[in-house]
Amino acid sequence: MRQAEAVYALWFREFKVFTRERSRIVTSIFTPLLWIFVFGGGLGSTVNIEGINYQVYIYPGIVAMSVLFSSVFYGVYIIWDRKIDILKEVLVAPLSRYSVFVGKVLGGCTDSMIQAIVMLLISFAVGVYLSPLSFLLAILILFLLSLSLVSTGLIIGSLMESPEGFNMVVSFLVFPLFFFSGALYPLNNLPMWLSAITYMDPVTYGVDGLRTATIGVSQFPLHIDLAVLAVFAAVMFTMGTKTFERMK
Amino acid sequence: MGNAIETFELTKRFKNIMAVDHLNIKIKQGEIFGLLGPNGAGKTTTISMLCTILRPTEGTATVNGFDILKEPDEVRKSIGIVFQQPSVDDILTGRENLVLHAMWYGVPKAIRRERIDEVLKLVGLESRQNSLVKTYSGGMRRRLELARGLLHLPKVLFLDEPTLGLDPQTREVIWEYIEQMSRSRDMTIVLTTHYMEEADRLCNRIAIIDQGKIIVMDTPEALKAAVGGDMVCLRTTPADPERFRKIEGVSKVEVQEDYVVLTVRNSGERLQEILAASGKVESVQIRPASLDDVFISYTGKEIRPETGEGGIAQRIMRQRTLR
Ligand SMILES: Nc1ncnc2c1ncn2[C@@H]1O[C@H](COP(=O)(O)OP(=O)(O)OP(=O)(O)O)[C@@H](O)[C@H]1O
Ligand SMILES: [Mg+2]
């Protein structure tokens, strides 16, 4: 019970920071909008994939991208917290490291999910119309994705000492995760080597599941997507709690 | 009465620096204990180990009867700490900082509001409680930090330079509150400070440490008595130190260009002889030995190259540029 309240307090702090630093949400929504309307709109004027306009086709991929980026980069805040010494107050409090991790993860997922919802709400602007059920399915998929990626970001953040180091490591991780996920292209006609890598990228299954939910095309059955995402989330979450227990 | 804190050969080594060197201290329940020493002496490191945020290289300690290595959770539940480095959250309001702290430390909901109001009042931040901490002055942050340390009424409170950067009025209020906490709640308080006046006023016992080792540990009164008399300062033309040394009761002589400082027992009775031994005297000042004299006599006069951690002003500047 005490720990539950403590987790709530940790989450509350993250949420306050998010709502007070509005620049965070603005910048994280701006890039996906460029992708959808400039890149997608530009190519979409001539390109169709599987009979679907390119702009519509990449829409789910870009929603997944916005969650991917904001979730992983959330990990950098723990480095700032350490640098300006406010992490110490949390670490010296009678909280289990598990609670600290859960609080941080929930904070990160909240940030990402708010962005995700904004992205889903603009779906009509690209001509995608979501039923309440497909909306909920999209939310579930994005939540699993964000849970695993926020955990990943926090693991890296808790191991790194400088924001610069974090950004470097994360760039080497986030861009491959994005480009190999099939967010921008269909998976069914790829050369062997590329196909092999996309199958190993967990984000692929998030993008694929989201396509099922939003535009009704997909490579894998939905239950496979969900299963892979759930396992990925469970693994990263568990690794995260272990890393936090050993932190500092 | 039992010991609130006991250290057993407590040691911390950072690569080649012996920050804390086989420290053995016993601090009694309800005591206000001062940890003094020059910059880099190992005060903060000692406190960090006692609070379980730093692991000793060797040795251990108990806090409220709990071993810092084996029962860190129990230790954390029973302590409060005011860090030397500001650690309040800029982007929250003062009150929000306190509410979160109360939740982390399990302050019961029923008394939470009341406790928060009380500590806010104590540090004089009631009117600014709903402003963001980033709009606070350095001293206001410090006060908020103190309020936070006291909020959950810990059994042992660590204060690492608690009044650094505070104005004299606030300092006085804080001193009174610290005394009151120790008296009425039987709270044990471990305090580091560079203000000797503060240590003298508050502490039941003081340990002066240098390079991680205890040099001397006693009550402020005993430490001052051990200096061996009053301090007599003469502004005078150059004088021969040997002439002063011959005078009975003079235990220490320090001669500079244009002044002499003597440590003299029963200084009143010796004044005539002292004046006779000096050159042309412009002024005489006699004062009882203070803790400053004690501190200097044990740790020497020169400033070490070691600068320790930056002052509060730099810290705040850094916080601002980082955000
Ligand atoms: N994280 C660290 N890594 C390496 N050396 C450290 C670290 N923390 C402290 N030290 C060293 O340990 C010694 C003791 O430092 P400490 O901060 O305990 O001093 P202090 O007595 O609190 O000094 P001050 O009065 O300046 O606050 C110093 O020589 C310092 O340089
Ligand atoms: Mg210190």
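See the structure printed just above.
Scope of this entry: the structure provided in the associated data block.

Each value, and the rule that gives it
- Residues numbered from 1 in each chain as written.
- Chains lettered and ligands numbered in written order.
- Predicted model: local features only at pLDDT ≥ 70, side-chain atom pairs only at ≥ 80, totals over all residues.
- Heavy atoms only, no water.
- Near = heavy atom within 4 Å.
- Polar contact = N/O pair within 3.5 Å; in protein donor to acceptor, adjacent residues only side chain to side chain.
- Areas by Shrake-Rupley, 256 points an atom, 1.4 Å probe, with all protein chains shown as cover.
- Helix = DSSP H or I, 4+ residues; strand = E, 2+ residues; numbered from the N terminus.
- Nonpolar A, V, L, I, M, F, W, Y, C, P; charged D, E, K, R; others polar.
- Contact = heavy atoms within 4.5 Å.
- Pairing = 2+ DSSP bridges.
- Axes fitted to C-alpha atoms, helices over the stretch in contact; angles between N-to-C directions.
- Expected span 1.5 Å × (residues − 1).
- Buried < 20%, exposed > 50% of the residue type's maximum accessible area, 1.4 Å probe, protein only.
- 1 Å grid on protein atoms, 1.4 Å probe; cavity = no way out; pocket = protein on both sides within 12 Å on 5 of 7 lines; lining within 4 Å.
- Points joined across faces, edges and corners; volume = space filled by probe spheres on them.
- Donors = N, O, S within 2.8 Å, 3.2 Å for Na, K, Ca; no water.
- Salt bridge = Lys/Arg side-chain N within 4 Å of Asp/Glu carboxyl O.
- Patch = residues over 30% accessible without salt bridge, like charges linked within 9 Å, V, L, I, M, F, W, Y side chains within 5 Å.
- Core = buried A, V, L, I, M, F, W, Y, C linked by side-chain atoms within 4.5 Å.
- Phe/Tyr/Trp six-rings, centres within 6.5 Å; stacked < 30°, edge-to-face > 60°.
- Lys NZ or Arg CZ within 6 Å of the ring centre and 35° of its normal.

## Examining the site of ligand 1
Residues and elements named next belong to chain B. Inspection of the region around ligand 1 gives 17 residues, with Gly40, Lys43, Thr44, Thr45 and His194 positioned closest. Ala41 places a main-chain nitrogen or oxygen 3.1 Å from an oxygen atom of ligand 1. At 2.6 Å, a side-chain N or O of Thr44 approaches an oxygen atom of ligand 1. Considered on its own, ligand 1 offers 630 Å² of accessible surface; in the complex 75% of this is hidden by protein. Those elements giving two or more residues to the shell around ligand 1 turn out to be β2 (17-23) and α1 (43-50). Of the residues forming the shell around ligand 1, the biggest block, three residues, is contributed by α1. Counted by class, the shell around ligand 1 contains five nonpolar, eight polar and four charged residues.

## Describing the side chain of Glu145(B)
One can find Glu145(B) in helix α5 (residues 138-151). When neighbours within four sequence positions are excluded, Glu145(B) is seen to be in contact with Val82(B), Phe83(B), Gln85(B), Pro86(B), Ser87(B) and Val88(B).

## A look at the sheet that holds strand β12 (residues 230-236) of chain B
All names here are of chain B. Pairing in this open sheet of four strands is antiparallel, and the strands run β13-β14-β12-β15 from one edge to the other. The sheet is open, and its two edges are formed by β13 (250-255) and β15 (281-288), each paired on a single side. Mean inter-strand twist for the sheet, computed between neighbouring axes without regard to direction, equals 15°. Where β13 lies against strand β14 (residues 259-264), five bridges are found, and the strand directions are antiparallel. Opposite Val250, over in β14, you have Val264 as the bridge partner.

## Description of helix α6 (residues 168-184) of chain B
All names here are of chain B. With 17 residues, α6 extends 24 Å between its outermost C-alpha atoms, agreeing within 8% with the 24 Å of an ideal straight helix rising 1.5 Å per residue. Among the residues making up α6, those that are buried are Thr170, Arg171, Ile174, Trp175, Tyr177, Ile178, Glu179, Met181 and Ser182. Positioned one or two residues after α6, Asp186 has a phi angle of 55°, which is positive.

## Some words on unusual backbone geometry
All names here are of chain B. We note that Asn64 has phi near 55°; this positive angle belongs to a residue other than glycine. Turning to its location among the elements, Asn64 is positioned in the loop between β5 (58-63) and β6 (66-67). Owing to a relative accessible area of 15%, Asn64 belongs among the buried residues under this scheme.

## Side note on empty space enclosed by the protein
What the rule picks out here adds up to four cavities of 30 Å³ or more. For the largest cavity, the lining is made up of 16 residues, of which Arg13(A), Ile86(A), Val90(A), Asp89(B) and Trp104(B) are closest to its centre. Contributing elements (two or more residues each) for the lining of the largest cavity: α1 (2-20) and α5 (87-92) of chain A together with α3 (94-104) of chain B. Each residue belonging to the lining of the largest cavity can be placed in one class, and the counts come to seven nonpolar, two polar and seven charged.

## Notes on the coordination of the magnesium ion (ligand 2)
A four-donor tetrahedral metal ideally has 109.5 degree angles, and a six-donor octahedral metal ideally has angles of 90 or 180 degrees. Residues and elements named next belong to chain B. Summarising the metal site, the magnesium ion (ligand 2) is bound by the protein donors Thr44 (OG1) and Gln84 (OE1), whose distances to it range over 1.8 to 2.1 Å. Pair noted here: Thr44 is in helix α1 and Gln84 is in the loop between β7 (79-82) and α3, with a separation of 40 residues, a long-range link. Using a relative accessible area of 12% as the deciding quantity, one classes Gln84 as buried.

## Some thoughts on the environment of Gly182(A)
Residues and elements named next belong to chain A. Relative to the helices and strands, Gly182 is located in the loop between α8 (163-179) and α9 (192-200). Separated by 121 residues in sequence, Gly182 and Gly61 place their C-alpha atoms 7.4 Å apart. Every residue in contact with Gly182, bar those within four places of it in the chain, is listed here: Leu187, Val207 and Arg211.

## Quick word on the pattern of salt bridges
Scanning the entire structure with this criterion turns up 26 salt bridges over all chains. Put simply, Arg148(B) and Glu145(B) hold a salt bridge, and the shortest N to O gap is 3.9 Å. Separated by three residues within a single helix, Arg148(B) and Glu145(B) lie in helix α5, roughly one turn from each other. Considered together, Arg148(B) and Glu145(B) belong to a single accessibility category, that of buried residues. Through salt bridges with shared partners, a single ionic network connects Arg13(A), Glu14(A), Asp81(A), Lys104(A) and Asp89(B).

## A short note on the layout of surface pockets
Residue and element names in this part refer to chain A. If you add up the space inside the second largest pocket, you get close to 400 Å³. Lining the second largest pocket are 19 residues, and of these Arg24, Ser28, Phe69, Ser70 and Phe73 sit closest to its centre. For the lining of the second largest pocket, the elements supplying multiple residues, two or more each, are α2 (22-44), α3 (54-73), α6 (97-121) and α8. Counted by class, the lining of the second largest pocket contains eleven nonpolar, six polar and two charged residues.

## Overview of the sheet that holds β7(B)
All names here are of chain B. Pairing within the open sheet is mixed, and its six strands lie in the order β7-β8-β9-β4-β10-β11. Of all the strands in the sheet, just β7 and β11 (213-218) have a single pairing partner and so form its edges. Between one strand axis and the next, the sheet turns through 15° on average, direction left out of account. Looking at chain direction, strand β10 (residues 205-210) and β11 are connected through five bridges and run antiparallel. Its bridge partner being in β11, Ile206 is matched across the sheet by Asp218. Each of β4 (32-36), β10 and β11 touches helix α11 (residues 291-299); the most contacted strand, β10, lies at about 30° to it.

## Focus on a nonpolar patch on the surface
A cluster of nonpolar side chains, contributed by Phe30(A), Leu34(A), Phe37(A) and Val38(A), occupies part of the molecular surface with about 390 Å² of accessible area. Relative to the assigned elements, Val38(A) resides in helix α2.

## Regarding the nonpolar core
By size, the foremost hydrophobic cluster in this structure holds 111 residues, and its most contacted members are Ile5(B), Trp104(B) and Phe158(B). In this structure, Leu144(B), Tyr177(B), Val216(B) and Phe295(B) belong to the second largest nonpolar core, which totals 48 residues.

## What to know about the packing of aromatic side chains
Scanning all chains against the criterion turns up 17 aromatic pairs over all chains. Aromatic pair Phe69(A) and Phe73(A): ring centres 6.3 Å apart, planes at 40°, arrangement tilted. Linking Phe69(A) with Phe73(A), this pair stays in helix α3, spanning four residues, or about one helical turn. Looking at Phe73(A), the relative accessible area reads 26%, which means it is partly exposed. Consider the rings of Phe69(A) and Phe178(A), whose centres lie 6.1 Å apart with planes at 90°: the pair is edge-to-face. Of the two residues, Phe69(A) sits in helix α3 while Phe178(A) sits in helix α8, which places them 109 residues apart along the sequence. One aromatic cluster in this structure is built from Trp35(A), Phe39(A), Tyr54(A), Phe69(A), Phe73(A), Phe166(A), Phe175(A), Phe178(A) and Phe179(A). Directly above the ring of Tyr195(B) sits Arg171(B), whose terminal nitrogen or CZ lies 4.1 Å from the centroid.

So far we have only geometry, and geometry alone does not tell us how the molecule works.
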